Every structure is written in C-alpha cells, then in structure tokens.
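Fold and geometry: a report
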Amino acid sequence: MSSSDIFDILGGQTPKKKGAMQKLLDRTPKHTLQPKTPSTPSALATPSKYVVSVDEDETTPTPSSAMMMSPFGSPVQFHPIKRGQLKQKRKIIQTTDKWRWKPFLSNAREDNSIFYHWVREDEDDEDEEVIESSYPFEELNKKIRVFQYNEQEYKDLIEPIDNENNEKQNVKWTKEETDLLFSLCKQFDLRFIIIHDRFSCQINNTDKTLEDLKERYYKVSKILLKERSKGVVPEDKLKLHPLFKVDYEYDHEVKRKHQLEILYSRSSDVEKREAQLREQLKKIEAIKKKRAEVEEREKKQKLKEEKERLKKEQRKLEKQKKEKEKRQLDLTPAILTIEENIEERVEDVVKSEDILLSALEEPGAYTRSFILYPELSTEDRQRFDSIVEGLGITNIMPTKKVHEAFHTLSQHVCKLMELQKKVEESKKKRKKNPSGTSSTSSSNKKKKSKK
C-alpha cells in the first residue's frame, strides 16, 4: 500500500507529487482537451464517453472518461462499435457416422485368432455378433516361396555338387546346416541378416559368413528348380525366373562390402580433403566448360566471317563476269552475236545429250527409249517429231547402233530448229523496221573506225 492510498483512507489531502500522465496533461494546452461537438442530433443526445474532457477547475481527467493520449500530446478519440457490425459465427450442421467394435478373422493367420476393429455401422447390418470372414488388408500378406527338398533329392542332386565343391572350396556344408538354413529362410522371408544371426547362434563355432549363406541358398534353389521344371517348363520361360535372371556373384558382394567398410571408416580429415577435391573438380569443370563455349563461339564466328567473305568474292566475280560480257556484246556486231547465240544453244543441247549418254556407262537397269529423245519443250518436241517424220523415220527400235545414229540426227535437227527460229525472228524484225539493217551496219563501221 502506497502513501497516497493511506492519505485517501484517512481523508487527508494527497501529496502534490504529480504522475507521468498529469505531467503530460499539464504540458498540453487546455483547448485541445475540450470535448468535440458532435455534428448529428443523435450524437448530441448521447455524447461519446471515450472523449477526454478536462475543465478549467479540474486538474485531472474524470474517472468515467476513457483516456488515451497520443505521443504528440493530443487526445485520441475512440468510437464505439455497434453489435450489428460484428460477423456472426457460422452454424455448421453436420451428422456423425455411427461406428461399432466388430470382430473379424484374418486368413493371413493359421491359428484362427479373432481380432476386433472399428467399422461404420450399416442400417442393414443388425446382427452385432457376426464375425467377418475376410480382412481387406490380408492381401498385403505376401510370402516368399522357399523351395523345400526331401531326402532323395538331397542325395541325388545336392550331395554330388557338394563333393565336387569341397575339393575346390574351403567352405563345407552338411545336411543339418542346409536344413537349418532353409527352415530359417522360410521363417524369416529371406531376411539374411536375421538368418545369419540365428544361424550363428544355433550352430556354435561356425565360420560361415552372410555371403556364404546367400550363395548356398541360391545355388540349391537353382538346382531344385532346374530339375523340377524338366519337361514341364520350356527353357526360354525358365530363363525369365528371378533365380536364373540375376546371378548371385560371391566375389563381387565381398568386394562391395569391403569398399563400404573403407568408405564408412574414413576420418573427418579425409572427408574434408575429399570435399575440397570435389570443389576443385567442380571449378575445373566450370572453367573447361567456359573455354569450350568460348572456342565454339569463336569457331562459329570464323565460319560466319568465312561464308560472308566467300559470298562477297562470288558476287564480285559475277559482277566482273557480267561487265566483261556486256563489254564484249557492245564491241561485237549484231550478225556475229546471232551466230554465237545459235552455237551456244546447240552446244547446250549437245551437252545435255552427252549427259544422257553418260547414263549408259552407269550400272543398273535402264531403257534406251528413256534417253533416246533430247529434253525439249512441248512446242519444240512437236516440231522435232514433224521433222523426223518428214525424213520417213516412224518406228524406232532402240538398239545400240540405232541409238547412236539417232543421237547424231537429233543434234543436227536441234541445230536446224535453232537456225529456223533465228531466221523467223530476223524476218519479223525486218518487217517491223526495214531501215534497221543499214543503221546496224553503219554503227558497226563507226566502231571499227574508232578502234
């Protein structure tokens, strides 16, 4: 109890010591602490009790008022929230299912034990004491098939192999040990770590390792499966069986475990050194990759530049060739140009014929009739046929001699056709411009005089 409380109980005056709130109120001007005039009539009727009000005579705020001063010295007004503005809680209507503690039998067990589990209650199922005969999870109870043998099979199949292997290997197996191994394999579903532990417990002073047990099991199982499938299962299907598909390699397994032991027995210094080497290897590979990218980029750039250079040279040569041809055309007379054009076209026809004749020297089947006629347009082909028919050649047997003779004839006919075309063209020009010949001859004479 403080001294101010004692003064209040005794009815005395409180000491003039001012608190932090009073000091804050003294620092603020009084006009800022006056209540705000409400704008609406409803607000005038019910003034807000959250506004801080300090009269001139009062030195402390009224206890009924809720005060909250901002750090800047002005009062903060709080407005009340109406109940209708709050979000109502959503009503959730949900029905619950009925469950029942029901007994069931599992076919995965052979002792007919009764178990219980919770099951949704059905409307049709009224009898609570009915035991379910099937369990949905019994499908997951998968068991490995372990081969078993009898006395006769052991004597006929396994003993002869044991006698052969005892001379080569140091590991020797007896019938009792083999029987124990196969019974443990059946009991523990080929979990060889557990099998090895139980095997070493039941047979004292044994030096057989886990790899020896695995090798023995897979070897005997292969012999039994091969013998029992004779005449029943074909060899192609037998090779697809897991025992024959994957061979158990004893030496590889021993080396693998030895390497694992070396890996797990490393010291922290060795691991740090390996981590450093890996980081260095990553950096080296990154540098090599960057160099390869740069080299590839440079190579592509060089190829691009070389292509552009060749294109420029080709354009330059073509341009020079065209200019040279143009100069020659300007210097030569018109009659000579016509004759040269005829000779060039005839040469082109001869070249095409030579190309067709070269097909005779290539290997493979062909028909002479295919390369008998030269390659011409439809109009020229009709003219060619009419000239040949005019010579009395109708049916041609494409033998070798006939083909060679017809080839020489076609050359002459093509030359004749070109000459006929040129004659027709010159006649048309003369009809259109009768004074053209004199002008061309005079121009040619002027060129010769200039030379």
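A few points on the structure. These numbers were taken from a predicted model, which means no experiment stands behind them.

Quick notes on the rules
Residues numbered from 1 in each chain as written. Predicted model: local features only at pLDDT ≥ 70, side-chain atom pairs only at ≥ 80, totals over all residues. Heavy atoms only, no water. Helix = DSSP H or I, 4+ residues; strand = E, 2+ residues; numbered from the N terminus. Contact = heavy atoms within 4.5 Å. Areas by Shrake-Rupley, 256 points an atom, 1.4 Å probe, with all protein chains shown as cover. Axes fitted to C-alpha atoms, helices over the stretch in contact; angles between N-to-C directions. Parallel < 35°, antiparallel > 145°, perpendicular 65-115°, else oblique. Nonpolar A, V, L, I, M, F, W, Y, C, P; charged D, E, K, R; others polar. Patch = residues over 30% accessible without salt bridge, like charges linked within 9 Å, V, L, I, M, F, W, Y side chains within 5 Å. Salt bridge = Lys/Arg side-chain N within 4 Å of Asp/Glu carboxyl O. Lys, Arg positive; Asp, Glu negative; His and termini not counted. Charge placed at Lys NZ, Arg CZ, Asp CG, Glu CD. Buried < 20%, exposed > 50% of the residue type's maximum accessible area, 1.4 Å probe, protein only. Core = buried A, V, L, I, M, F, W, Y, C linked by side-chain atoms within 4.5 Å. Left-handed = near helix turned anticlockwise from the far one by under 90°. Expected span 1.5 Å × (residues − 1). Phe/Tyr/Trp six-rings, centres within 6.5 Å; stacked < 30°, edge-to-face > 60°. Lys NZ or Arg CZ within 6 Å of the ring centre and 35° of its normal. Polar contact = N/O pair within 3.5 Å; in protein donor to acceptor, adjacent residues only side chain to side chain.

**Let's talk about the overall build of the protein**
- Across its full length, the protein carries 15 helices and 2 strands.
- Taking contacts inside the protein between residues at least 6 apart in sequence as the whole, the part at least 24 apart equals 54%.
- Within the structure as shown, the protein displays about 37,900 Å² of accessible surface, and the carbon and sulfur contribution to it stands at 53%.

**Notes on the packing of helix α6 (residues 192-202) against helix α7 (residues 210-228)**
- Remark: α6 packs on α7, axes separated minimally by 10 Å, with the N-to-C direction vectors making an angle of 105°. Taken together, the axis directions place α6 and α7 in an arrangement best described as roughly perpendicular. Taking contact as the criterion, the partners of F192, I193, I195, H196 and F199 in α6 are, on α7, L210, L213, K214, Y217 and Y218.
- Partitioning the contact of α6 with α7 into residue classes produces 8 nonpolar, 1 polar and 1 charged.

**Structural notes on a positive patch on the surface**
- On the surface, K307, K311, K312 and R315 cluster together into a patch of positive charge.
- Of note, K311 is situated in helix α11 (residues 268-331).
- Residue class for K311 comes out partly exposed when judged on its relative accessible area of 49%.

**Focus: the nonpolar core**
- In terms of nonpolar packing, the biggest core is built from 26 residues, with L181, C185, I195, F199 and Y217 touching the most fellow members.
- For this core, the elements supplying multiple residues, two or more each, are α4 (151-168), α5 (175-187), α6 and α7.
- It is α7 that contributes the most residues to this core, 7 residues altogether.
- Residues contacting Y217, with those up to four places away along its chain left out, are R145, V146, L181, F182, C185, L190 and F192.

**Describing the side chain of K214**
- Among the secondary structure elements, K214 is positioned in helix α7.
- For the buried residue K214, which engages in no salt bridge, the nearest side chain bearing the opposite charge is E253, 4.1 Å off.
- Beyond its immediate sequence surroundings of up to four residues, K214 is in contact with F192, Y248 and E253.

**As for the packing of helix α13 (residues 378-390) against helix α14 (residues 400-432)**
- Two elements in contact, α13 and α14, have axes whose closest approach is 10 Å; the angle formed by their N-to-C orientations is 115°. For the element pair α13 and α14, the recorded crossing hand is right-handed. Facing D380, R383, F384, I387 and V388 of α13, the residues of α14 in contact are F406, S410, V413, C414, M417, Q420 and K421.
- Per-class residue counts for the contact of α13 with α14 are 7 nonpolar, 2 polar and 3 charged.

**Notes on unusual backbone geometry**
- For D189, which is not a glycine, the phi torsion comes out positive at approximately 55°.
- Considering the arrangement of structural elements, one finds D189 in the loop between α5 and α6.

**Section: the pattern of salt bridges**
- Per the counting criterion, the structure on display carries 18 salt bridges.
- The partner of D189 in a salt bridge is R191, and the shortest N-O contact between them spans 3.9 Å.
- A salt bridge links R278 to E274; its shortest N-O distance comes to 3.5 Å. A residue pair is termed a helical-turn pair when its members lie 3 or 4 positions apart in one helix, as R278 and E274 do in helix α11 at 4 residues.
- R278 sits in the partly exposed class, given a relative accessible area of 47%.
- The exposure class of E274 is partly exposed, given its relative accessible area of 26%.
- Each member of the salt-bridge network shares a partner with another, and the members are R266, E271, E274 and R278.

**Some remarks on α14**
- The end-to-end C-alpha separation of α14 is 48 Å, in line with the 48 Å expected for 33 residues at 1.5 Å each.
- Residues of α14 that are buried: H403, F406, H407, S410, V413, C414, M417, E418 and K422.

**Some details on the packing of aromatic side chains**
- Taken as a whole and assessed by the stated rule, the structure comprises 13 aromatic pairs.
- One aromatic cluster in this structure is built from Y149, Y154, F182, F192, Y217, Y218 and Y248.
- The ring of Y154 has K175 lying over it, and the distance from NZ or CZ to the ring centre is 5.5 Å.
- A cation sits over an aromatic face here: K208 above W173, 4.9 Å from the ring centre.

**Comments concerning the side chain of D212**
- You can see D212 is positioned in helix α7.
- Buried within the structure, D212 lacks any salt-bridge partner; its nearest side chain of opposite charge belongs to K208, at an N-O separation of 7.1 Å.
- Side-chain polar atoms of D212 contact the side chain of T209, separated by 3.0 Å.
- With residues near it in sequence (within four places) discarded, D212 still touches V171, W173, D207 and Y250.

**Side note on the environment of L376**
- With respect to the secondary-structure elements, L376 resides in the loop between α12 (334-358) and α13.
- Along the backbone, L376 and C414 are 38 residues apart, and their C-alpha atoms lie at a distance of 9.4 Å.

**Comments concerning a nonpolar patch on the surface**
- On the surface, W99, W101, I114, Y116, W118 and I131 cluster together to form a nonpolar patch covering roughly 690 Å² of accessible area.
- Secondary-structure elements contributing two or more residues to the nonpolar patch are β1 (99-105) and β2 (114-120).
- Top element by residues in the nonpolar patch is β2. It accounts for 3 residues.
- Here W101 shows up in strand β1.
- Its relative accessible area of 46% is what places W101 among the partly exposed residues.

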